[in-house]
Amino acid sequence: MQIIEIIVGFALLIFAFMAIESKKIINSIIYLSILSMLSVVSFVFMKAPDVAITEAVIGSGLVTAVFIFTLFSLKKAGDKK
């Protein structure tokens, strides 16, 4: 079990770095969503299911949807001008 936790920890670091260093905003949003899902897995490993459920619903689902909706709204608003 500890090996899986270490792998998830390294994956968290890798996806956080990829989200920061990505040139395209949509890729950053995808990496942040993956990062949030990996944090759900790490919360489950830490035996905090209530925090994991909250992170899954709000962090992975709602925040990602709001980011993508905002990104597409900005592109449409920029095209009209």
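Scroll up to find the structure this text is about.
Cut-offs applied
- Residues numbered from 1 in each chain as written.
- Predicted model: local features only at pLDDT ≥ 70, side-chain atom pairs only at ≥ 80, totals over all residues.
- Heavy atoms only, no water.
- Helix = DSSP H or I, 4+ residues; strand = E, 2+ residues; numbered from the N terminus.
- Rg over C-alpha atoms; globule rule 2.2 N^0.38 Å.
- Contact = heavy atoms within 4.5 Å.
- Areas by Shrake-Rupley, 256 points an atom, 1.4 Å probe, with all protein chains shown as cover.
- Lys, Arg positive; Asp, Glu negative; His and termini not counted.
- Charge placed at Lys NZ, Arg CZ, Asp CG, Glu CD.
- Buried < 20%, exposed > 50% of the residue type's maximum accessible area, 1.4 Å probe, protein only.
- Polar contact = N/O pair within 3.5 Å; in protein donor to acceptor, adjacent residues only side chain to side chain.
- Expected span 1.5 Å × (residues − 1).
- Patch = residues over 30% accessible without salt bridge, like charges linked within 9 Å, V, L, I, M, F, W, Y side chains within 5 Å.
- Salt bridge = Lys/Arg side-chain N within 4 Å of Asp/Glu carboxyl O.
- Arc of directions from axis to C-beta.

Participant: Hey, could you run me through the overall build of the chain in this one?
Facilitator: A count of helices and strands for the chain gives three helices and zero strands. Beginning at the N terminus, the succession of helices and strands in the chain can be written as α-α-α. In terms of overall size, the chain is more extended than a compact globule, its C-alpha atoms giving a radius of gyration of 15 Å where 81 residues would be expected to give roughly 12 Å. Its C-alpha atoms give the chain principal-axis dimensions of about 55 × 25 × 10 Å. Across the chain, every contact between residues at least 6 apart in sequence was considered, and the portion connecting residues at least 24 apart equals 48%. Element-wise, carbon and sulfur atoms account for 76% of the exposed surface of the chain, whose accessible area totals about 6,000 Å². Taking the 7 positively charged and 5 negatively charged side chains of the chain as two groups, their mean positions are separated by 15 Å.

Participant: Help me out: how do you make sense of the side chain of threonine 64 in this one?
Facilitator: Mapping threonine 64 onto the fold places it in helix α3 (residues 49–80). Threonine 64 sits in the buried class, given a relative accessible area of 13%. Separated by 2.7 Å, the side chain of threonine 64 and the backbone oxygen of serine 60 make a polar contact. Sequence-distant contacts of threonine 64, defined by excluding residues within four places in its chain, comprise Ile29, Ser33 and Gly59.

Participant: Teacher, can you tell me more about helix α2 (residues 25–45) here?
Facilitator: Every α-helix winds through 3.6 residues per turn, so residues three or four apart in the chain are directed the same way. Over its 21 residues, α2 extends 30 Å from the first C-alpha to the last, a length consistent with the 30 Å expected when each residue adds 1.5 Å. Of all the residues in α2, the buried ones are Ser28, Ile29, Ser33, Ser36, Leu38, Ser39, Val40 and Ser42. Phi for lysine 47, located one or two positions after α2, is positive at around 60 degrees.

Participant: How should I be thinking about a nonpolar patch on the surface in this particular structure?
Facilitator: A surface patch of nonpolar side chains, amounting to about 700 Å² of accessible area, comprises Leu32, Ile53, Val57, Ile58, Leu62, Val63, Val66 and Phe67. Ranked by residues supplied to the nonpolar patch, first place goes to α3 with seven residues. Residue classification places valine 66 among the partly exposed residues on the basis of a relative accessible area of 43%.

Participant: How should I be thinking about helix α1 (residues 2–21) in this particular structure?
Facilitator: When the terminal C-alpha atoms of α1 are compared, their 29 Å separation across 20 residues agrees well with the 28 Å that a helix rising 1.5 Å per residue should span. Restricting attention to buried positions, one finds in α1 the residues Val8, Ala11 and Ala19. Down the axis of α1, the buried set is contained in an arc of 70 degrees. They therefore lie on one face. For α1, the exposed residues set more than 90 degrees away from the buried face come down to Gln2, Ile3, Phe10, Leu13, Phe17 and Ile20. Looking at the buried side of α1, the elements it contacts are α2.

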